[in-house]
Amino acid sequence: MQLAASQLEAFVTEIFVAAGAVENVARQTAGHLALANLKGHDSHGVVMAPSYVTNIKRGFLNPHAHMSVVKDSGGVVLIDGGTGFGQVVGAESTAFAIDRARDNGIACVGLRNAHHLGRIGTYGEMCADAGMVSVHFVNVVGHEPLVAPFGGAEARLQTNPFCTVVPRVNGPPIVLDMATSFIAFGKVKVAYNAGKTIRNGALVDHEGVPTNDPNVMFTRPGGSVQPFGLYKGYGLALMCELLGGALVGEWTMQPAHERTGTVINNMLMLVLNPEAFGGTERFQQEIDGMVDYLYATKPAKGVDKVRIPGEPERETFADRSVNGVPVDERSWQELAGAAKLAGLAEDAVAKYAA
Ligand code: NAD
């Protein structure tokens, strides 16, 4: 089925309210998820909602938590997310970091113990909207590892996202926002739900043999997702683990730490004010010139044009804002199941299915 993002947002808001969240928190979280769908990242869209409801019910997600400052050293601030909705404590921490960077030129903010932060680009885009550059190193803990280190046949890491965003005055921001795995795990789940295969190079089975079958991630003994870019991607994933996980969260993927099946993100975020360097004007001139230079590249055979990071998401946004978001049957059934678990009346679910 094809649904308007506003419909998905409204449905998921109702689900979260029924699960115990207050209206504005539920709407903020649902809005973040629906925006991820609009930008083409279905893996980080409303398909996540059922796991959030389950984690509320299990006591692993506190729908009432807000950010709290643990340690404030001026330029460096440590924040605890209290296992709150990542979309809420993540946005609060980002707004806090932006304010600090306005005053000091730079803010280095660590957010630990946030429930799943969703699409990290959202926080980078908040920074860009405020005219700031941002860099985000994130690790993922609380459940079994999924990603094999380079050269390994067993999973030891998660899909640890890395993001950096550069603001533009004369155009949309440049948004590099990516899992350090070859593919975000949510995309494996989306393919699994839709009965589709996965592209070459993303997965290996439990013996380390390459496969296109997403089922290997949902059966035992399980397979692994590969890091992107061979040992370079593995290296960046490790840095996310050490900077987001060890430095900020004090919680890495080592087996001695809890693996209850929840999803906790720890994030190290650097927010930089261009005014503290050579100023916005020169910075922007140089960016514009570089972007034009890249756009003028002769496309490779079979490619329509060279793009800038963040552009595919904007193209999908433009399309889905008009044509709606595709939702496969299994994902819809999972959402309906989450609505039931949350205690939402059946006629409310039927209203959205109609
Ligand atoms: P992706 O591979 O689709 O895109 C990665 C980056 O490459 C994006 O910045 C995109 O704009 C850019 N890009 C894509 N095609 C391009 C092209 N032709 N030219 C130039 N740039 C191009 O993204 P992904 O790695 O699958 O990650 C998806 C999402 O998952 C991200 O939003 C990420 O934050 C999120 N994620 C979150 C978690 C978490 O724990 N919260 C974990 C992993 C991933």
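The rules behind the values
Residues numbered from 1 in each chain as written. Predicted model: local features only at pLDDT ≥ 70, side-chain atom pairs only at ≥ 80, totals over all residues. Heavy atoms only, no water. Core = buried A, V, L, I, M, F, W, Y, C linked by side-chain atoms within 4.5 Å. Buried < 20%, exposed > 50% of the residue type's maximum accessible area, 1.4 Å probe, protein only. Helix = DSSP H or I, 4+ residues; strand = E, 2+ residues; numbered from the N terminus. Contact = heavy atoms within 4.5 Å. Phe/Tyr/Trp six-rings, centres within 6.5 Å; stacked < 30°, edge-to-face > 60°. Lys NZ or Arg CZ within 6 Å of the ring centre and 35° of its normal. Axes fitted to C-alpha atoms, helices over the stretch in contact; angles between N-to-C directions. Parallel < 35°, antiparallel > 145°, perpendicular 65-115°, else oblique. Left-handed = near helix turned anticlockwise from the far one by under 90°. Nonpolar A, V, L, I, M, F, W, Y, C, P; charged D, E, K, R; others polar. Polar contact = N/O pair within 3.5 Å; in protein donor to acceptor, adjacent residues only side chain to side chain. Pairing = 2+ DSSP bridges.

Caption draft 1: Representation of the nonpolar core within the structure. By size, the foremost hydrophobic cluster in this structure holds 36 residues, and its most contacted members are Phe11, Val12, Ile15, Phe16, Leu33, Phe85 and Leu335. Among the elements of the structure, helix H1 (5–18), helix H2 (23–38), helix H3 (49–57), helix H10 (329–342) and helix H11 (346–353) are those that each provide at least two residues to this core. Look past the residues within four positions of Ile15 in its chain and what remains in contact with it is Val53, Leu335, Ala338, Ala339, Ala342 and Leu344. Counting residues in each nonpolar core, the second largest holds 24 residues, with Ile79, Ala114, Met267 and Met269 among its members.

Caption draft 2: Geometry of the packing of aromatic side chains. On inspection of all chains with the given rule, the structure shows 9 aromatic pairs. One aromatic cluster in this structure is built from Phe11, Trp332 and Tyr352. Its guanidinium or amino end placed over the ring of Tyr192, Arg330 lies 4.6 Å from that ring's centre, counting from NZ or CZ.

Caption draft 3: Examining the packing of H1 against H10 more closely. Following both chains from N to C, one finds H1 and H10 inclined at 30°, their axes separated by 8 Å at the closest point. In terms of axis orientation, H1 runs roughly parallel to H10. The crossing of H1 and H10 is left-handed. Residues Phe11, Val12, Ile15 and Ala18 of H1 pack against Trp332, Leu335, Ala338, Ala339 and Ala342 of H10. Of the residues that constitute the contact of H1 with H10, the class distribution is 9 nonpolar, no polar and no charged.

Caption draft 4: Quick peek at the side chain of Ser331. Relative to the assigned elements, Ser331 resides in helix H10. Beyond its immediate chain neighbours, meaning those up to four positions away, Ser331 contacts Val47 and Asn193.

Caption draft 5: Broad picture of the side chain of His143. Checked against the element boundaries, His143 lands in the loop between strand S5 (133–141) and strand S6 (161–166). You can call His143 buried: its relative accessible area is 17%. Separated by 2.8 Å, the side chains of His143 and Gln158 make a polar contact. In this structure the side chain of His143 is engaged in a polar contact, spanning 2.8 Å, whose partner is the backbone oxygen of Thr262.

Caption draft 6: Quick look at the sheet that holds strand S9 (residues 210–211). The 3 strands are arranged S9-S8-S10 in an open sheet whose pairing can be described as antiparallel. Edge strands, defined here as strands with exactly one partner in the open sheet, are S9 and strand S10 (224–225).

Caption draft 7: Geometry of the sheet that holds strand S7 (residues 174–179). Taken together, 7 strands build an open sheet; the order of strands is S2-S3-S4-S11-S5-S6-S7 and the sheet is mixed. Of all strands in the sheet, those with a lone pairing partner are strand S2 (68–72) and S7, marking the two edges. Averaged over all pairs of adjacent strands, the angle between strand axes in this sheet comes to 15°, irrespective of strand direction. Here S2 pairs with strand S3 (residues 76–80) via 4 bridges, running antiparallel. The partner of Ser68 across the bridge, within S3, is Asp80.

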